[in-house]
Amino acid sequence: MPRKVILDVDPGIDDAVAVAMALFDPRLEVLAVTASGGNVAPEQATANLQALVGILDPPRLPRLGAAPTDTSWPAKPFNMHGADGLGGIDLPRARLHGGHASEKVIWETFHAHPREVTFVALAPLTNLSRVLARDPAIVEVVGEVVVAGGTAHGVGNATPAVDFNFYCDPQAARHVVREPMAKTLVPLDTTGHVTFGFDLLEQLPRESSRAGAILRAMLPHAFRAHRQLLGSEGISLHDVVALVAVTNPELFERSTVAADVETGGELTAGMLVVDRRTVRQWRPNLDLLTACDTAAVKDCILRGLAAAGAGT
Ligand code: RIB
Ligand code: CA
């Protein structure tokens, strides 16, 4: 049976790659894709998601959620994704059906499939936190939460100690981490070990496919941004690695830990704090994916991209 998922995204180049792969992965039933601000303003995130899914036109169209616009984000230290969030490709606007708020779509999807849905958080955790705040009992019908975020050993990207998703909304990250539901964190240290060189551009689906055209237009910006902003000749696709943690968990090392999220501090707000004391005082509350078979994960990603190309 395909695994039922909701993808929560702030597209963002790596979000967009993850969405393209998930929509054409026979192991996944993408019930909904919900937008959040983060990499880009909420309105842009919603527009990018609508345009992306409209162009990809998957066999099964997921419900789409519109990002909340009453959010305020801290200043972004840098922008890896271009002004439009997708590497400057300025996709034609496609207004798809509905346009319900992300938190409404999330709430309804969990209730329609109690305890069956995996929430794949590839963005700040604002949407999930709002659903939990509006209906705390929702934890009874959530299947599992898999989060691209946090740092296992404190090496961040938004600040030296904090990953971008937790940096954008530390309160939401703490709220989700503290909730009694099955949670798996795919931290930046782990996703950052999976990097691609320029040869990725020759391994993308053919230009004549809809997925290939988008990927080939978008990804060169990722290489430029990694070189100019991070001094790196390769690129990370953090959200895509987190998606592989959903489809291929056997490729990851997992440890159950007791953790919380700092919400104060100019340098530490959003930092994941793990209780590693000899005599742990905190109760274990989540699984942390501390390492992965990088070669096997890259192979999964290349195969997932090929499937998206073949399907479009
Ligand atoms: O820190 C990783 C996150 O930052 C990913 O979700 C990616 O989209 C970037 O915004
Ligand atoms: Ca993201």
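Up top is the structure these notes are about.
What counts and what doesn't
Residues numbered from 1 in each chain as written. Chains lettered and ligands numbered in written order. Predicted model: local features only at pLDDT ≥ 70, side-chain atom pairs only at ≥ 80, totals over all residues. Heavy atoms only, no water. Donors = N, O, S within 2.8 Å, 3.2 Å for Na, K, Ca; no water. Helix = DSSP H or I, 4+ residues; strand = E, 2+ residues; numbered from the N terminus. Salt bridge = Lys/Arg side-chain N within 4 Å of Asp/Glu carboxyl O. Buried < 20%, exposed > 50% of the residue type's maximum accessible area, 1.4 Å probe, protein only. Axes fitted to C-alpha atoms, helices over the stretch in contact; angles between N-to-C directions. Parallel < 35°, antiparallel > 145°, perpendicular 65-115°, else oblique. Left-handed = near helix turned anticlockwise from the far one by under 90°. Contact = heavy atoms within 4.5 Å. Nonpolar A, V, L, I, M, F, W, Y, C, P; charged D, E, K, R; others polar. Near = heavy atom within 4 Å. Polar contact = N/O pair within 3.5 Å; in protein donor to acceptor, adjacent residues only side chain to side chain. Areas by Shrake-Rupley, 256 points an atom, 1.4 Å probe, with all protein chains shown as cover.

> Quick question: what am I supposed to make of the coordination of the calcium ion (ligand 2) here?
Metal coordination angles in their ideal form are 109.5 degrees for the four-donor tetrahedron and 90 or 180 degrees for the six-donor octahedron. For the calcium ion (ligand 2), every protein donor is listed as Asp10 (OD), Asp15 (OD), Asp15 (OD), Leu122 (O) and Asp239 (OD), and the spread of their distances is 2.2 to 2.6 Å. Between the donor residues of the calcium ion (ligand 2), the gaps in sequence give the motif D-x4-D-x106-L-x116-D. In this pair, Asp10 sits in the loop between strand E1 (3–9) and helix H1 (13–23) while Leu122 sits in the loop between strand E5 (117–121) and helix H4 (126–134), placing the two residues 112 residues apart along the sequence.

> Quick question: what am I supposed to make of the pattern of salt bridges here?
Oppositely charged side chains are able to pair whenever their charged atoms sit close together. Following the criterion strictly, the structure yields 16 salt bridges and no others. The partner of Asp260 in a salt bridge is Arg174, with the nearest N and O atoms 3.6 Å apart. With a gap of 86 residues between them, Asp260 in strand E11 (residues 259–261) and Arg174 in helix H6 (residues 170–178) connect regions that are remote in the sequence. Of the residues examined, Asp260 reaches a relative accessible area of 13% and is grouped as buried. A residue is classified by how much of its surface remains accessible, and Arg174, at 24% relative accessible area, is partly exposed. The residue Arg227 makes a salt bridge to Glu233 at a minimum N-O spacing of 3.7 Å. Accessibility expressed as a relative area gives 47% for Glu233, which makes it partly exposed. Within this structure, Lys4, Glu29, Arg60 and Glu116 form a network of salt bridges that share partners.

> Is there a simple way to think about the packing of H4 against H6 in this case?
Helix-helix packing is described using two parameters, namely the angle between the two axes and the distance between the axes. Where H4 meets H6, the closest approach of the two axes is 8 Å, and the angle between their N-to-C directions is 60°. By the angle class used here, H4 and H6 are oblique. Regarding H4 and H6, the two cross each other, and that crossing is left-handed. Across from Thr126, Leu128, Ser129, Leu132 and Ala133 in H4, the residues of H6 making contact are Ala172, His175 and Val176. Here the contact of H4 with H6 is built from residues that sort into five nonpolar, three polar and no charged.

> Sorry if this is basic, but what is going on with the environment of Cys168 here?
Here Cys168 lies in helix H5 (residues 164–168). Residue classification places Cys168 among the buried residues on the basis of a relative accessible area of 4%. Not counting chain neighbours up to four residues away, the residues in contact with Cys168 comprise Gly38, Trp73, Pro74 and Pro124.

> Sorry, what's going on with the site of ligand 1 here?
Every residue close to ligand 1 is listed here: Asp14, Asp15, Asn39, His81, Leu122, Asn157, Asp163, Phe164, Asn165, Leu188 and Asp239. Note that an oxygen atom of ligand 1 is positioned 3.0 Å from one of the side-chain N or O atoms of Asn157. Between ligand 1 and Asn165, the relevant distance is 3.0 Å, taken from an oxygen atom to a side-chain nitrogen or oxygen of the residue. For ligand 1, whose accessible area on its own is 280 Å², the fraction buried by protein is 94%. Residue assignment for the shell around ligand 1 shows that the elements contributing at least two residues are H1 and H5. When the residues that make up the shell around ligand 1 are grouped by side-chain class, the tally is three nonpolar, four polar and four charged.

> I would appreciate a short explanation of unusual backbone geometry in the present structure.
Negative phi is the rule for most residues except glycine; trans is the rule for most peptide bonds. Of the consecutive residues Pro11 and Gly12, the connecting peptide bond is found in the cis state with omega at -10°. Although it is not a glycine, Asp90 sits at a positive phi angle of roughly 45°. Among the secondary structure elements, Asp90 is positioned in the loop between strand E3 (63–66) and strand E4 (100–101). Judged by relative accessible area, which is 55%, Asp90 ranks as exposed.

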